[in-house]
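Here is what each chain is made of, one letter per residue.
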Amino acid sequence: MFIGVTRSGGDVYQVTSDAAHTLNLGTDIISLDVAGETDATQLLAGAANSNQTYFSIDSGANWTTSTKEPTGDSETCVLMAHDFLSYGKAYATTSGTESAFSCTTDRNITWNQISLIDTEITNIKDLAPSPLYSQDNTLFMLTFGTKYSL
């Protein structure tokens, strides 16, 4: 069993029949999701006090962070799709300024807003219609804040 803990001593813990062992993430966790087999469990955790997400492919022995986090200030709640092991799709919600419902399809490397977006766009770098605009009515917009976003 894995447990995410928030407040003092926040971290991710693995509970066995005899004890609880810290997995040394070293941050308060507000959400945690688990997929896979016992010896190679994949974990996705959301930070309580930031928009950061953490991912482990080896039952919490090692953790990576995303290169493009979900937008928002804090309380990052995560959920792996039912077929996460095959396709790497997961969802996240955040709270605060620039919060949104976001999605990753590359196992936590990049997150993109897909709904409930609380964003004020102030710097549009470029705008282009989709090659199939007459059929899909899609526009691509490149914005820049602290990072570029498409």
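Quantities reported herein were computed from a predicted structural model and do not represent experimental measurements.

Explain the pairing of strand β9 (residues 90–95) here, please?
Side-chain direction in a regular strand flips from residue to residue, so the side chains alternate between the two faces of the sheet. Side-chain alternation along β9 places Ala-90, Ala-92 and Thr-94 on a buried face and Tyr-91, Thr-93 and Ser-95 on a face that remains uncovered. As paired elements, strand β8 (residues 74–80) and β9 share 5 bridges and run antiparallel to each other. Bridging across to β9, Leu-79 finds its partner in Tyr-91. In this structure, β9 lies alongside strand β10 (residues 101–104), joined through 4 bridges in antiparallel fashion. If you follow Ala-90 over to β10, its bridge partner there is Thr-104. The loop that links β9 with its antiparallel partner β10 comprises 5 residues; one of these, Gly-96, has a positive phi angle of about 90°.

Got a minute to help me understand the side chain of Thr-94 in this structure?
Inspection of the secondary structure assignment puts Thr-94 in strand β9. The class of Thr-94 is buried, set by a relative accessible area of 11%. In terms of polar contacts, Thr-94 uses its side chain to reach the backbone carbonyl oxygen of Thr-71, at 2.5 Å. A polar contact of 3.3 Å, which involves the side chain of Thr-94, links it to the backbone nitrogen of Ala-100. Not counting residues within four places of it along the chain, the set of residues in contact with Thr-94 comprises Asn-51, Pro-70, Thr-71, Gly-72, Ser-74, Glu-75, Thr-76, Ser-99 and Ala-100.

Explain the nonpolar core to me, please; I cannot follow it from the model alone.
Judged by nonpolar contacts, Phe-2, Val-12, Leu-23, Leu-25, Ile-29, Leu-43, Ala-45, Ala-47, Tyr-54 and Trp-63 together constitute the single largest core of 10 residues. Top contributing element to this core by residue count: strand β5 (residues 42–47), with 3 residues. Not counting residues up to four positions away in its chain, the partners in contact with Ala-47 are Asp-28, Ile-30, Gln-52, Tyr-54, Glu-75 and Thr-76.

Conventions and cut-offs
Residues numbered from 1 in each chain as written. Predicted model: local features only at pLDDT ≥ 70, side-chain atom pairs only at ≥ 80, totals over all residues. Heavy atoms only, no water. Buried < 20%, exposed > 50% of the residue type's maximum accessible area, 1.4 Å probe, protein only. Helix = DSSP H or I, 4+ residues; strand = E, 2+ residues; numbered from the N terminus. Pairing = 2+ DSSP bridges. Polar contact = N/O pair within 3.5 Å; in protein donor to acceptor, adjacent residues only side chain to side chain. Contact = heavy atoms within 4.5 Å. Core = buried A, V, L, I, M, F, W, Y, C linked by side-chain atoms within 4.5 Å.

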